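Observations on chain architecture
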Amino acid sequence: MKLSHFNFKLPEELLAEHPTEIRDESRLMVLDRKKQTIEHKTFKDIIDYFDEGDVMILNNTKVFPARLYGNKEKTGARIEVFLLRELNEEQRLWDVLVDPARKIRIGNKLYFGDDETLVAEVIDNTTSRGRTLRFLYDGSYKEFRQKLTLLGETPLPKYIKREVEPEDEERYQTIFAKNEGAVAAPTAGLHFSKHLLKRLEIKGIEFAEVTLHVGLGTFNPVEVEDLSKHKMDSEEAFVTQEAADIVNDAKARKKRVCAVGTTAMRAIESSVSSSGTLNEFSGWTNKFIFPPYEFSIANCMITNFHTPKSTLLMMASAFAGHDFIKKAYDEAIKEKYRFYTYGDAMLII
């Protein structure tokens, strides 16, 4: 399939700027691949599609406040620094994006906070906007990380034009977030409330937690018509033996195994044994899933409505079938479903 197969006209008003007030009250579109039917529900109705012994695979990554604002030495120009990943804990080296990039050269120093006790020196250019920074801070590593958290801001996606609000810090985090390291939330998980998780648990649904630290590469637009030429950025992922055992047991019992989100799906598909079971995994993955693709682990998926030409849409298309997803998206636009991070959800069974 080509990039142009994933283009569609998305009305701007359908890009969700704010989340629904109650997590599990967002809308839910249910796609049944076998029957080729589409149903319109509320997210909390998802419980009706699962039975005792079914498994949901959750991505327990936690978003850290990755967006900082600093001032350039001498000129005082305001510079946005987006922390992507820590390269070296001891030397406090970070891979970052800077904006405006044209002003930031190797050797420049940036000062953060009113007291300017946190300083960063640019030591390398990695891409047109990418830089390697060495942070200089007079304190322990723990104090340094606390300082970053204090000065950082919730990294809402660029399409959300409004200012960050205090509620975003809590709302842009899944309720099962544990392992800090993501620069963006695994959005399908944002629909789960504590109450809904409890109800699922009481019904006998099991949960397997994996970790995939979402990087900005997930949202990088695909710019090549031949999809096999697109390179995904690597993201760190972990699948514990405990999670693998829960999933493999459910598969053996022919139960429903549901990946909650494209990131959970990418984590499990990055660690499949030759016999089609889930292995323990710890490392980096740049797996890019697009049609046609044979999924090995999950037989069910929860996802959001994604933007045109995105790798996330391509994965959903590979799972549901391209024509079926196209039909579902046409209906979503007609029925005014909300798209992207704070949008509505889709269950593909």
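The following paragraphs examine the structure supplied in this document. Quantities reported herein were computed from a predicted structural model and do not represent experimental measurements. (Residues numbered from 1 in each chain as written. Predicted model: local features only at pLDDT ≥ 70, side-chain atom pairs only at ≥ 80, totals over all residues. Heavy atoms only, no water.)

A few words now on the pattern of salt bridges. Inspection of every chain in the model, using the stated rule, returns 15 salt bridges. Its salt-bridge partner being D168, residue R162 comes within 2.9 Å of it at the nearest N-O pair. Each of the two residues, R162 as well as D168, counts as buried. Here D249 makes a salt bridge to R253, at a shortest N to O gap of 3.2 Å. A residue is classified by how much of its surface remains accessible, and D249, at 39% relative accessible area, is partly exposed. Here the salt bridges do not stand alone but share partners, grouping E86, R145 and E180 into one network. (Salt bridge = Lys/Arg side-chain N within 4 Å of Asp/Glu carboxyl O. Buried < 20%, exposed > 50% of the residue type's maximum accessible area, 1.4 Å probe, protein only.)

A water-sized probe, rolled over the atoms, reveals where empty space remains. The full count for this structure, using the stated rule, is 4 cavities of 30 Å³ or more. Considering only enclosed or pocket space, the largest cavity measures out at about 140 Å³ in volume. Along the walls of the largest cavity sit 16 residues, with A185, P186, T187, T262 and L312 positioned nearest its centre. Contributing elements (two or more residues each) for the lining of the largest cavity: α5 (262-269) and β16 (300-304). The volume enclosed by the second largest cavity comes to roughly 60 Å³. For the lining of the second largest cavity, a count of residues per class yields 3 nonpolar, 5 polar and 2 charged. (1 Å grid on protein atoms, 1.4 Å probe; cavity = no way out; pocket = protein on both sides within 12 Å on 5 of 7 lines; lining within 4 Å. Points joined across faces, edges and corners; volume = space filled by probe spheres on them. Helix = DSSP H or I, 4+ residues; strand = E, 2+ residues; numbered from the N terminus. Nonpolar A, V, L, I, M, F, W, Y, C, P; charged D, E, K, R; others polar.)

Core analysis: the largest hydrophobic core is formed by 67 residues, its most contacted members being M29, L31, I57, M265, I268, I325 and M346. Among the elements that take part in this core, helix α6 (residues 311-320) stands out by supplying 7 residues, more than any other. Grouped together as the second largest cluster of nonpolar side chains are 24 residues, I79, V81, F82 and F112 included. (Core = buried A, V, L, I, M, F, W, Y, C linked by side-chain atoms within 4.5 Å.)

Bringing the packing of α5 against α6 into the picture now. Close contact between α5 and α6 brings their axes to 10 Å; oriented N to C, the two are set at 70°. Relative to α6, α5 is oriented roughly perpendicular. Handedness of the crossing formed by α5 with α6: left-handed. Note on element contacts: α6 touches α5 through L312, M315 and F319, opposite T262, M265 and R266. (Axes fitted to C-alpha atoms, helices over the stretch in contact; angles between N-to-C directions. Parallel < 35°, antiparallel > 145°, perpendicular 65-115°, else oblique. Left-handed = near helix turned anticlockwise from the far one by under 90°. Contact = heavy atoms within 4.5 Å.)

This paragraph deals with the packing of α6 against helix α7 (residues 322-334). Helix-helix packing is characterised by the crossing angle of the two axes and by the distance between the axes. Where α6 contacts α7, the axes come no closer than 6 Å and their chain directions differ by 120°. One element, α6, and the other, α7, form an angle in the oblique class. When α6 is examined against α7, the residues L313, A316, S317 and A320 are found in contact with a partner set consisting of H322, F324, I325 and Y329.

This paragraph deals with the packing of aromatic side chains. Evaluated as defined, the whole model comprises 17 aromatic pairs. For the ring pair F112 and F135, a centre distance of 6.0 Å and an interplane angle of 45° mean the geometry is tilted. Of the two residues, F112 sits in strand β8 (residues 109-112) while F135 sits in strand β10 (residues 130-136), which places them 23 residues apart along the sequence. Of the two residues, F112 and F135, neither departs from the other in class, the shared state being buried. When the ring of Y293 is compared with that of F295, the centres are 4.8 Å apart and the planes differ by 75°; the resulting orientation is edge-to-face. The partly exposed category is assigned to Y293, whose relative accessible area is 23%. We classify F295 as buried; its relative accessible area is 16%. Pairwise contacts between aromatic rings join F8, F305, Y329, Y337 and F339 into one cluster. Positioned over the ring face of F319 is R33, at 4.0 Å from the centre of the ring. Taking NZ or CZ as reference, R256 lies 6.0 Å from the ring centre of F50, over its face. (Phe/Tyr/Trp six-rings, centres within 6.5 Å; stacked < 30°, edge-to-face > 60°. Lys NZ or Arg CZ within 6 Å of the ring centre and 35° of its normal.)

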